[in-house]
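Overview (structure and organization)
Letter by letter, the chains look like this.
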Amino acid sequence: MEITRQQRHGVSFYACSDPAWAGAGHGFSTRLGGVSPAPMDSLNLGANRGDDPVNVRENFVRFCAAAGTDPNALVKNHQIHSDIIRPVGRADVMEHPEAPGSFEADGLVTNESGVCLTIFSGDCIPILLYDPVRRCIAAVHAGWRGTAAGAAARAAEAMVRDYGCAPEHILAAIGPGIGPCCFETHRDVPDGLRVRLGPDAEPFVRPLSREGKFSVDLKGANARWLERAGLAQENIAICSACTACQLDEFWSHRVQGGARGSMAAMIQLV
């Protein structure tokens, strides 16, 4: 199972092309195919980047058309780098797709159709989960703090506990985000991973030649959390694209700071 770059209606995005994902419209956006001006050019999906709301709305219309989701069914959070997972339904659908989320959480989960779970990133790791048997989905935003706290595992656990999913049926897609090639940190990040992951953190932490510096693989760490939650390794797809390396395709908070747009990841039951 793999995540591939795709293009529909002039919009470039990443998604799982495996037939097992056919029941869930989903995608990880790039910066390509929208209408926003520089420095948010062009597919900015962030409501708080200073972009014209008219542009954000049109960008959602375009991205949703490409991903096979509904721009009038969006549910969003106000992301706070936590492991809080919020169960949602049709009553939580936002009136306007260009509006920001207000509920403080970093994950969304539902088993209702007509609900498009939407999270945002600009180096952090976006994760989509889908159980084709119980027809349940989740979307998670995991920065290094969310990764250390096991936000992805908390979402999978919520699917099992609250929606009757079996871990072996859950599919996971870990989307574009900063890779170990570019994520150079101080000791606080590896120490944070070790507190919760214990020895399982070590394969994802590499000391660098500069004293007190480390390279950290957040995608790998999130995959390990999902395995600890019971997901089969063969059901976890990891996108190799690095947002900090590929600035022609993505925005990077680490490289560009605030002068950028935001990518989104979304999933909706078909």
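Placed above this text is the structure.
All residue numbers here refer to positions counted from 1 along the written sequence of the relevant chain. Per-residue local features are limited, in this predicted model, to residues with pLDDT of at least 70; the limit for side-chain atom pairs, both in listing and counting, is 80 or more; totals at the level of whole chains, interfaces and linings are taken over all residues. Just so you know, side-chain values use all the structure's heavy atoms and leave hydrogens and water out.

1. Looking at the sheet that holds strand S3 (residues 24-29)
Defined as follows: Should DSSP find at least two bridges between two strands, the strands are taken to pair. Secondary structure is summarised from DSSP: a helix means a run of H or I of at least four residues, a strand means a run of E of at least two, and numbering begins at the N terminus for each.
Taken in spatial order, the 6 strands make up an open sheet running S1-S2-S3-S15-S7-S4, and their pairing is mixed. Either end of the sheet is taken by a strand with one partner, and the two such strands are strand S1 (3-8) and strand S4 (74-75). Two strands pair when backbone bridges link them, and strand S7 (residues 116-121) and strand S15 (residues 263-269) are joined in this way by 6 bridges, in the antiparallel orientation. Note on S15: the bridge partner recorded for Thr118 is Met266.

2. Here's the deal with the layout of surface pockets
Our working rule: Here a cavity denotes grid points, spaced 1 Å and computed from the protein atoms alone, that fit a 1.4 Å probe unable to get out, and a pocket denotes an open set having protein on both sides within 12 Å along at least 5 of 7 lines; residues with an atom within 4 Å of a point are the lining. Grid points are joined across faces, edges and corners, and a volume is the space filled by probe spheres set on the points. Each residue receives one of three labels: charged for Asp, Glu, Lys and Arg, nonpolar for Ala, Val, Leu, Ile, Met, Phe, Trp, Tyr, Cys and Pro, and polar for the others, Gly being one of them.
Put simply, the largest pocket is a space of about 750 Å³. Lining the largest pocket are 28 residues, with Gln79, His81, Cys124, His141 and Arg260 sitting closest to its centre. Breaking the lining of the largest pocket down by element, the ones donating at least two residues are S7, helix H2 (144-149) and helix H6 (253-256). For the lining of the largest pocket, the class distribution of residues is 9 nonpolar, 13 polar and 6 charged.

3. Examining the sheet that holds strand S9 (residues 136-142)
Here is the rule we go by: Note on method: axes are straight lines fitted to C-alpha atoms, helices fitted across the in-contact stretch only, with angles between N-to-C directions ranging 0 to 180 degrees. Whether two residues are in contact is decided by their heavy atoms: any pair within 4.5 Å suffices.
A sheet is described by the order of its strands in space; here 6 strands give the open sequence S5-S6-S9-S8-S10-S14, paired in mixed fashion. Each edge of the open sheet carries a strand with a single partner, namely strand S5 (85-87) and strand S14 (236-238). Each strand axis lies, on average, 15° off the axis of its neighbour in the sheet, ignoring direction. In this structure, S5 lies alongside strand S6 (residues 107-110), joined through 3 bridges in parallel fashion. In the strand pairing of S6, Arg86 is matched with Leu108. Sitting on the sheet, helix H3 (residues 151-163) is in contact with S5, S6, strand S8 (125-131) and S9, with an inclination near 160° to S9. On top of the sheet, helix H5 (residues 218-228) reaches S8, S9, strand S10 (171-174) and S14; it is set at about 30° to S8, its chief contact.

4. Digging into the pairing of S8
Worth spelling out the cut-off: Throughout this description, buried means an accessible area under 20% of the type-specific maximum (1.4 Å probe, protein chains only), exposed means over 50%, and partly exposed covers the range between.
Burial of S8 is extensive: 7 of the 7 residues sit out of reach of the surface. Residues Ile125, Ile127, Leu129 and Asp131 line one face of S8 and the alternating positions Pro126, Leu128 and Tyr130 line the opposite face, and both faces are buried. In this sheet, S9 lies alongside S8 in antiparallel orientation, the contact comprising 7 bridges. Residue pairing for S9: Ile127 is matched across the bridge by Val140. The hairpin turn running from S8 into S9, its antiparallel successor, is 4 residues long, and Arg135 in that turn takes a positive phi close to 55°. In this sheet, S10 lies alongside S8 in antiparallel orientation, the contact comprising 4 bridges. Paired with Leu129 across the strands is Ala172, a residue of S10.

5. Describing the packing of aromatic side chains
Stated formally: Think of it this way: a Phe, Tyr or Trp ring, Trp meaning its six-membered ring, pairs with another when their centres are within 6.5 Å, and the plane angle makes it stacked under 30 degrees, edge-to-face over 60, tilted otherwise. We call a charge positioned above a ring when the Lys NZ or Arg CZ atom is no farther than 6 Å from the ring centre and deviates by at most 35 degrees from the ring normal.
Under the criterion given, the structure shown has 3 aromatic pairs. Pairing Trp21 with Tyr130 gives two aromatic rings, centres 5.8 Å apart and planes at 45°, and the pair type is tilted. Taken together, the residues span a long stretch of sequence, with Trp21 in the loop between strand S2 (11-16) and S3 and Tyr130 in strand S8 at a distance of 109 residues. In terms of burial, Trp21 and Tyr130 fall into one category: buried. The lysine or arginine in question, Arg228, covers the ring of Trp225, its NZ or CZ lying 4.9 Å from the ring centre.

6. A look at the packing of H3 against H5
What counts here: Orientation labels follow simple angle bins: below 35 degrees gives roughly parallel, above 145 gives roughly antiparallel, 65 to 115 gives roughly perpendicular, and whatever is left gives oblique. Definitions for this section: a left-handed crossing has its near helix turned counterclockwise from the far helix by less than a right angle. A right-handed crossing has that turn clockwise.
Across the interface, H3 lies against H5 with an axial gap of 8 Å and an inter-helix angle of 30°. Between H3 and H5, the interaxial angle falls into the category roughly parallel. Pair H3 / H5 crosses with right-handed handedness. Counting all contacts with H3, which are made through Ala152, Ala153, Arg154 and Ala156, the residues of H5 involved are Asn222, Trp225 and Leu226.

7. Focus on the nonpolar core
What counts is decided by this rule: By nonpolar core we mean a set of buried residues, namely Ala, Val, Leu, Ile, Met, Phe, Trp, Tyr and Cys, connected to one another through side-chain atoms within 4.5 Å.
Counting 42 residues, the largest nonpolar core has Ile127, Leu129, Met159, Leu226 and Leu231 as its most contacted members. Counting residues per element, the ones that place at least two in this core are S8, S9, H3, S10, helix H4 (188-197), strand S13 (214-216) and H5. For this core, the element with the highest residue contribution is H3, accounting for 8 residues.

8. As for the pattern of salt bridges
The line we're drawing: The term salt bridge refers to a pairing of a side-chain nitrogen on Lys or Arg with a carboxyl oxygen on Asp or Glu at a separation within 4 Å.
This structure, assessed with the given rule, holds 15 salt bridges. For Arg210, the salt bridge is made with Glu184, and the minimal N-O distance between the two is 2.3 Å. Remark: Glu184 occurs in strand S11 (residues 184-185) and Arg210 occurs in the loop between strand S12 (205-207) and S13; sequence separation between them is 26 residues. A single network of salt bridges, built from pairs that share partners, joins Asp200, Arg224, Glu227 and Arg228.

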